[in-house]
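Spelled out, the chains give:
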Amino acid sequence: MSTTKYSVCTICDIGCQLRTEAEDGKVKRMIAHDNPMLANNICYKGTAAPHIHNHKDRLTVPLKRVGERGEDKWQEISYEQAMDEIAEKLQGIVTQYGPETLAVSTSGWNTQTTHSMDRRFMNLLGSPNWISGVALCAGNTAAVNRLTYGWFPQPDFGNTKCIVLFGHNPRKHSWTPIFNAINSARKNGAKVIVLDPRISDQAETADIHLRLRAGTDAAMCLGWLKVIFDEGLYDRDFVEQWCTGFDELRARVDEYPLERVESITGVDRNLIIEAARAYANADGAVIPWTPITDQQISSTSAIRLHSILRAVTGNLDVVGGESLGGFSDAYIPESELGLHERLSDTQKAKQLGFDDHPAFTYRVAEMLKESTEKVWGFPYADIVMGCQMANPTNVFRAMAHSAPYPIKAFFALGNNALMSYPNQHQIHEGLLNQELIVAHEIFMTPTAMLADYILPGDVFSERNHIADTWSWSTRLSLSQKIVEPPAQASSTFQFWRDLAHRMGFTEEFPWESLEDMLDYRLSRSGRTFAEFEASTFMEMQAPQFRKYRQRGFATPSGKVELASSVLADLGFDPLPYYREGPALTEDYPYAVFTGVREDPFFQTGQRNIEVLRARCPSPKLFLHPDDANQEQLSDGDWVRLETKSGAVTAKISVQDSMKQGHIRVPHGWWYPELRGTEKLAGAFISSDAVLCSDDDEFLDKEQGIPHFKGFPGRIVKTTAPANFSDQVLNG
Ligand SMILES: Nc1nc2c(c(=O)[nH]1)N[C@H]1C(S)=C(S)[C@@H](COP(=O)(O)OP(=O)(O)OC[C@H]3O[C@@H](n4cnc5c(=O)[nH]c(N)nc54)[C@H](O)[C@@H]3O)O[C@H]1N2
Ligand SMILES: Nc1nc2c(c(=O)[nH]1)N[C@H]1C(S)=C(S)[C@@H](COP(=O)(O)OP(=O)(O)OC[C@H]3O[C@@H](n4cnc5c(=O)[nH]c(N)nc54)[C@H](O)[C@@H]3O)O[C@H]1N2
Ligand code: SF4
Ligand SMILES: [Mo]
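From a predicted model like this one, the values you see are computed outputs, not experimental measurements.

Procedures and definitions
- Residues numbered from 1 in each chain as written.
- Chains lettered and ligands numbered in written order.
- Predicted model: local features only at pLDDT ≥ 70, side-chain atom pairs only at ≥ 80, totals over all residues.
- Heavy atoms only, no water.
- Helix = DSSP H or I, 4+ residues; strand = E, 2+ residues; numbered from the N terminus.
- Rg over C-alpha atoms; globule rule 2.2 N^0.38 Å.
- Buried < 20%, exposed > 50% of the residue type's maximum accessible area, 1.4 Å probe, protein only.
- Contact = heavy atoms within 4.5 Å.
- Lys, Arg positive; Asp, Glu negative; His and termini not counted.
- Charge placed at Lys NZ, Arg CZ, Asp CG, Glu CD.
- Near = heavy atom within 4 Å.
- Polar contact = N/O pair within 3.5 Å; in protein donor to acceptor, adjacent residues only side chain to side chain.
- Areas by Shrake-Rupley, 256 points an atom, 1.4 Å probe, with all protein chains shown as cover.
- Nonpolar A, V, L, I, M, F, W, Y, C, P; charged D, E, K, R; others polar.
- Domains from an automatic or database assignment.
- Pairing = 2+ DSSP bridges.
- Axes fitted to C-alpha atoms, helices over the stretch in contact; angles between N-to-C directions.
- Salt bridge = Lys/Arg side-chain N within 4 Å of Asp/Glu carboxyl O.
- Core = buried A, V, L, I, M, F, W, Y, C linked by side-chain atoms within 4.5 Å.
- Phe/Tyr/Trp six-rings, centres within 6.5 Å; stacked < 30°, edge-to-face > 60°.
- Lys NZ or Arg CZ within 6 Å of the ring centre and 35° of its normal.
- Parallel < 35°, antiparallel > 145°, perpendicular 65-115°, else oblique.
- Left-handed = near helix turned anticlockwise from the far one by under 90°.
- Buried area = accessible area lost by both parts, 1.4 Å probe.

### Regarding the overall build of the protein chain
Okay, so step 1: Along its length, the protein chain carries 27 helices and 27 strands.
Okay, so step 2: Taking 27 Å as the expected radius of gyration for a compact globule of 731 residues, we find that the protein chain reaches 24 Å, a close match to that expectation.
Okay, so step 3: Dimensions of the protein chain along its principal axes, counting C-alpha atoms only, are 70 × 65 × 55 Å.
Okay, so step 4: Considering the protein chain as a whole, with its 731 residues, one finds that 67% of them fall into the buried category.
Okay, so step 5: A sequence separation of at least 24 residues applies to 76% of the contacts in the protein chain between residues at least 6 apart.
Okay, so step 6: Taking the average place of the 72 positive charges on the side chains of the protein chain and the average place of its 94 negative ones, the gap between the two points comes to 2 Å.

### Considering the site of ligand 1
Okay, so step 1: For ligand 1, the set of nearby residues contains 28 residues, the closest of which are Asn415, Ser420, Glu441, Thr604 and Asp688.
Okay, so step 2: At 3.0 Å, a side-chain N or O of Ser107 approaches an oxygen atom of ligand 1.
Okay, so step 3: With the chains in place, 95% of the 920 Å² that ligand 1 exposes on its own is no longer accessible.
Okay, so step 4: Split by residue class, the shell around ligand 1 holds 9 nonpolar, 14 polar and 5 charged.
Okay, so step 5: For the shell around ligand 1, the two domains that each supply at least three residues are domain 2 (63-132 + 326-462 + 483-539) and domain 4 (590-717).

### Observations regarding unusual backbone geometry
Across the chain, the bulk of peptide bonds are trans and the bulk of non-glycine residues have phi less than zero.
Okay, so step 1: Residue Pro404 is reached from Ala403 by a cis peptide bond, and omega for that bond is 0 degrees.
Okay, so step 2: Residue Asp24 is not a glycine yet carries a positive backbone phi of 50 degrees.
Okay, so step 3: Along the chain, Asp24 falls in the loop between strand 2 (17-23) and strand 3 (26-32).
Okay, so step 4: For Asp24, a relative accessible area of 62% puts it in the exposed group.
Okay, so step 5: A positive phi angle, close to 50 degrees, is found at Trp470, a residue other than glycine.
Okay, so step 6: With respect to the secondary-structure elements, Trp470 resides in the loop between strand 18 (465-467) and strand 19 (476-479).

### Comments concerning the sheet that holds strand 6 (residues 102-106)
Okay, so step 1: The strand order across the open sheet formed by 7 strands is 5-4-17-16-15-6-7, and the pairing between neighbours is mixed. Single-partner strands in this sheet number two, and they are strand 5 (74-76) and strand 7 (130-131).
Okay, so step 2: Of the strand pairs in this sheet, strand 15 (residues 409-413) and strand 16 (residues 436-441) are connected by 5 bridges, and their pairing is parallel. Its bridge partner being in strand 16, Phe411 is matched across the sheet by Val438.
Okay, so step 3: The strands touched by helix 4 (residues 117-125) within the sheet are strand 6 and strand 7, with strand 6 carrying the most contacts at an inclination of about 170 degrees.
Okay, so step 4: In this fold helix 21 (residues 492-502) packs onto strand 6, strand 15, strand 16 and strand 17 (453-456), with an angle of close to 150 degrees to the strand it touches most, strand 15.

### With respect to the site of ligand 3
Okay, so step 1: Residues in close proximity to ligand 3 include Cys9, Ile11, Cys12, Ile14, Gly15, Cys16, Ile42, Cys43, Lys45, Gly46 and Thr176, which together make up its full environment.
Okay, so step 2: Residues that form the shell around ligand 3 fall into these classes: 7 nonpolar, 3 polar and 1 charged.

### Remarks on the pattern of salt bridges
Okay, so step 1: Counted by the stated rule, this structure contains 44 salt bridges.
Okay, so step 2: Between Arg521 and Glu334 there is a salt bridge; the shortest N-O distance is 4.0 Å. Taken as a pair, Arg521 in helix 22 (residues 514-522) and Glu334 in helix 14 (residues 334-337) lie far apart in primary sequence, 187 residues in all. The pair formed by Arg521 and Glu334 is uniform in burial state, with each residue classed as buried.
Okay, so step 3: Salt bridges sharing partners connect three or more residues here, namely Arg19, Glu21, Arg29 and Asp34.

### Section: the nonpolar core
Okay, so step 1: By size, the foremost hydrophobic cluster in this structure holds 212 residues, and its most contacted members are Leu90, Phe121, Trp224, Tyr279, Phe411, Phe495 and Leu499.
Okay, so step 2: For this core, the element with the highest residue contribution is helix 8 (residues 217-230), accounting for 10 residues.
Okay, so step 3: When near neighbours in sequence (up to four residues on either side) are disregarded, Phe495 contacts Tyr79, Met83, Ile86, Phe411, Leu413, Val438, His440 and Leu455.

### Side note on the sheet that holds strand 3
Okay, so step 1: Pairing is antiparallel across the open sheet formed by 3 strands, whose spatial order is 1-2-3. What marks the edges here is a single partner per strand, and that holds for strand 1 (2-8) and strand 3. Within this sheet the neighbouring strands show an average axis-to-axis angle of 30 degrees, counted without direction.
Okay, so step 2: Relative to strand 2, strand 1 runs antiparallel, the two being bridged by 7 bridges. Counterpart to Val8 in the pairing with strand 2 is Gln17.

### Topic: the packing of aromatic side chains
Okay, so step 1: Enumeration according to the criterion identifies 27 aromatic pairs in this entry.
Okay, so step 2: Aromatic side chains Trp175 and Trp289 sit 5.0 Å apart centroid to centroid with 40 degrees between the ring planes, which places their arrangement in the tilted category. Taken together, the residues span a long stretch of sequence, with Trp175 in the loop between strand 9 (162-166) and helix 6 (176-187) and Trp289 in the loop between strand 13 (285-286) and helix 13 (299-312) at a distance of 114 residues. Judged on exposure class, the residue Trp175 and its partner Trp289 are both buried.
Okay, so step 3: Between Phe229 and Tyr234, the aromatic rings sit 5.4 Å apart at their centres with planes inclined by 85 degrees, giving edge-to-face as the arrangement.
Okay, so step 4: Relative accessible area serves as the criterion here: at 3%, Phe229 is assigned to the buried category.
Okay, so step 5: Three or more aromatic residues link up through ring pairs in this structure, and these residues are Phe121, Phe411, Phe495, Trp496 and Phe505.
Okay, so step 6: The ring centre of Tyr362 lies 5.3 Å from the NZ or CZ of Lys348, which sits over that ring.

### As for the packing of helix 18 (residues 392-401) against helix 19 (residues 424-432)
Okay, so step 1: It is the contact of helix 18 with helix 19, at a shortest axis distance of 7 Å, that shows an interaxial angle of 50 degrees. Relative to helix 19, the element helix 18 lies oblique. By crossing handedness, the relation of helix 18 to helix 19 is classed as left-handed. Along the contact surface, helix 18 presents Thr393, Phe396, Arg397, Met399, Ala400 and His401, while helix 19 presents Gln426, Ile427, Glu429, Gly430 and Leu431.
Okay, so step 2: When the residues that make up the contact of helix 18 with helix 19 are grouped by side-chain class, the tally is 5 nonpolar, 4 polar and 2 charged.

### Details of the packing of helix 3 (residues 79-97) against helix 21
Okay, so step 1: Direction vectors running N to C along helix 3 and helix 21 enclose 55 degrees, while the axes themselves pass 10 Å from each other. In terms of axis orientation, helix 3 runs oblique to helix 21. At the point where helix 3 passes helix 21, the crossing takes the right-handed sense. Residue-level inspection shows Tyr79, Glu80, Met83, Asp84, Ile86, Ala87 and Leu90 of helix 3 in contact with helix 21, the latter providing Gln494, Phe495, Asp498, Leu499 and Arg502.
Okay, so step 2: Broken down by class, the residue content of the contact of helix 3 with helix 21 amounts to 7 nonpolar, 1 polar and 4 charged.

### Here's the deal with helix 4
Okay, so step 1: A large share of helix 4 lies buried, amounting to 9 of its 9 residues.
Okay, so step 2: Backbone geometry just after helix 4 places Gly126 at a positive phi near 115 degrees.

### Overview of the domain arrangement of the protein chain
In many analyses, interface size is given as the accessible surface area lost on bringing the parts together.
Okay, so step 1: Split by domain assignment, the protein chain resolves into domain 1 (2-53), domain 2 (63-132 + 326-462 + 483-539), domain 3 (154-323 + 548-569) and domain 4 (590-717).
Okay, so step 2: Relative to domain 4, the C-alpha centre of domain 3 lies at a distance of 29 Å.
Okay, so step 3: If you look at the interface, domain 3 gives 21 residues, while domain 4 gives 24 residues.
Okay, so step 4: Taken together, the two surfaces of domain 3 and domain 4 that pack against each other cover about 1800 Å², and 53% of this comes from carbon and sulfur.
Okay, so step 5: Summed over the three residues of domain 3 that lose the most area to domain 4, namely Arg198, Gln295 and Ile297, the buried surface amounts to 36% of that side.
Okay, so step 6: Across the salt bridge formed by Arg171 and Asp599, the nearest N and O atoms sit 2.9 Å from each other.
Okay, so step 7: Here domain 3 is connected to domain 4 by 16 residue pairs in polar contact (both at pLDDT 80 or more).

If you want it as C-alpha cells, here you go:
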C-alpha cells in the first residue's frame, strides 16, 4: 500500500515542506512539495531523509547505562521503567539539592514537538536553567533585538531592493528557501552586499563585497553609521519622532572615523562609503538574521548595530524592509505554553547568567514584560525560544565546579550538548559530575553515550505537527505523519507529559497526545488539527506595517532605543561599541573562525548517513595558498590546529577564496564509525568545541557568548587520526 503526505523537514532548522511517500509502512521517498511556490525548497539532505529515518542505527528502545559513565554499555528497558526511574531519581535530586539543580539543553527544531512543555515542566518544578544552541544562533539575536525595538523583525524579501549579508551564506543545499528568496529578490532588482573575509558563494555574485577581518562586524557597522550620519542619509522624521538616544549615539559614532574603521576591518574606506550609501539609499533594504554576529566578542553591539541601522534608515516595519510580526492570532504561542509566570522571582534570580551576563536571561525578560504586554498583548515573548535562557557557559561552569551552586541532573533532548557550545573539556567534566543524565536522541551521539538513560526519539515522518516559527513570524505549516515510529520511539512532547504526570503536574498537562496539543493550540482560531489538515497546508496572517503608530514599541520608553535603557539599568554601556578579540601572537599567528556550514550535514549530525558522508568524508581546514606555502603544507595534508584550549585534527583544503592569515575550522565533527575504538566515537579528535575558549576574555560582556570568529591559533603537520579511513563509509 502506498501513501502520500506532506511533512515539514526538520533535518535542518529552516523547515521546508516536502512531499513524503511511504510504502507498506516504510518511508520510501521525499521530494519537493507539489505546490509550485515550494517546488525549489528542498536540498539533498531532504531527499536523503528516508536513509536517515530507516537507518539501521536508529535508536528504537530505551537504554539504561550499565557500565561506567561514557563506557557505552547498555541494558534495554521498557519505556515505562525508564520514565519511572527518571522521575524517581529527579525527585530525589530536587528534594535534596533544590529544583534549580536540573539543567536542560535542547534546540527545539529537530524534535519539533516540544510545544514548550520543557519550559512548562521546569517552571512548575522551579528550575530556570534551560539552555540551547539557539544561544549561539537566532535565539540570542532575537533577545538582543528586543532591547532596541521590542521584537525580532523578519525581512520582506519579496519587496526589498537591497540585501545585506553579514557573512550569512545561504546556498542551494544550505538554507535552501532563503537562498531561493535571495535569488528571486535579485531577479526583482535587489542589490546584494556581502561582508565576508572569504569569497563565499554569496560574495562571488554580490554587487559589493567587503572582505573584512573576522570578528570586526561591529566596527564595520559603526563605520556605516558614520557615513549615514555625516551624509544625512538617515530618516530624520522617524528618528525625531520614534527614537531615543540619537545625540549620544551620534557622539559614539563620531569616535569611529573611517580611518579607524578601515584600520580595524582592513577594508578600504571608499568601499565602506559605497556600501553604506547603497544600503541607506535603497528603497527598502534588509539585513537578514545572521549567525556570524551571534558568535563574536562584540556580539551584543553588532546585533544592536544591525537593529539601529534598520531603524535610522527607515527600514523598520515597512514594505521592503523588516517587519515586526507579533504573536499569531490563530495558534497559541509557545511563549504562553511555557508558563513563565509560574516560576517565582526567587527562582528566576537563580538563573545561571542572571548576574553577570543577563542579556537573554529572565532578568531582561522581566524588565521588558510590561511593555511587551502593552504592545503585543502578552508579557513573555519567547521569540525563537531565545529570550529567557540561562547562559550556557555559566551552566557548564556550575556543572563542572559546583559554583555558585551545583547542577546535579542534565537532560539533553535533540541536542549533542558535548559538542555544541565552547569549551568541550569543561562540558565533559560537567557531565561526568552529574547524578542523572537523560538523552532523547535518534542516534547514539557522544552526548548520549554519557547518559544514564537514553530515550529513542521519533522523526518528522512519524508525527503530526503544525510548525510555527517559534513566535518569529505568524506562518503555520502543516506536517503530517505518514508512518508509525519504531517500537518504543516517541516524541519529546510525550517525554515531558509523562514525566510531569509522574511528578505531580497532571492537571497542568491535560493533553494525552500530540493531536490533543495541536487542537488546543488551534483552539485560538476555533479549529481542530483534523480541520486544519483538511483545509490548508500553510497559512500566514497578512503583514501590517507601521503598527508602532498605534501602539509604540515594546521597550521601556515605547520608542526605538538607540541608547538602550535596559543595558544602562543593568550597568552596561547603553551604546554600541567595538571590542577587539584576543590578540594574535607569534605563537598563535592565525585568526581562526568556526563555521562555513557543510552542505551534506546539519551541525553535528549525519556523519553516519552513508549517502551524505560520501559527499564529505573528512573535516577540512581552509587555508590561503600563501599561508599554505609559508607552512609548507599542501592540499590534503593532515594537520593539527592548536589553540591554548585544545587541538583539532583535520585535512587542509588550500583555497584562493580564503583570506590570508585566516583559518576556517568546521563545526561538529565526530566519527560514528569509530564507536568502540575511539573514546566517545572520536568526539575529541576534530570538534571545533575543543578549540573555543569560554574564558572571560573570549566572551561578549552582555550575553556571555563566545568568540568563534577570529581567535588565535596555529597549525602543525600530523597524520590521519588512528583508525580513520576516507573510505570507511563509502565502500
Ligand atoms: N562549538 C560550536 N557550537 C555551536 C555551533 C558552532 O558552530 N560551534 N553552532 C551553533 C548553532 S548556529 C546552532 S543552530 C546550534 C545547533 O544545535 P543543535 O540543533 O542541537 O544541533 P545538532 O548538532 O544537529 O544536534 C541535534 C541532535 O538532535 C538529534 N535529532 C535530530 N532529529 C531528532 C528528533 O526528531 N528527535 C530527537 N530526539 N533527536 C533528534 C540529532 O541526532 C542530533 O544529535 O549549535 C550551536 N553550537
Ligand atoms: N547544509 C547546512 N546548512 C545549514 C546548516 C548546516 O549545518 N548545514 N546550519 C544552519 C544554521 S543553524 C545556521 S546558524 C546557518 C549558518 O550558515 P551561515 O549563516 O551561512 O554561516 P556559516 O556558513 O557559518 O558562515 C558563513 C560565512 O561567514 C564568513 N565569516 C566567518 N567569520 C566572519 C566574520 O567574523 N564576519 C563576517 N562578516 N563573516 C564571517 C565565512 O567566511 C562564511 O563564508 O546555516 C544553516 N544552514
Ligand atoms: S534545506 Fe534541506 S535539510 Fe533543510 S529543511 Fe530544507 S530540505 Fe530539509
Ligand atoms: Mo544556527
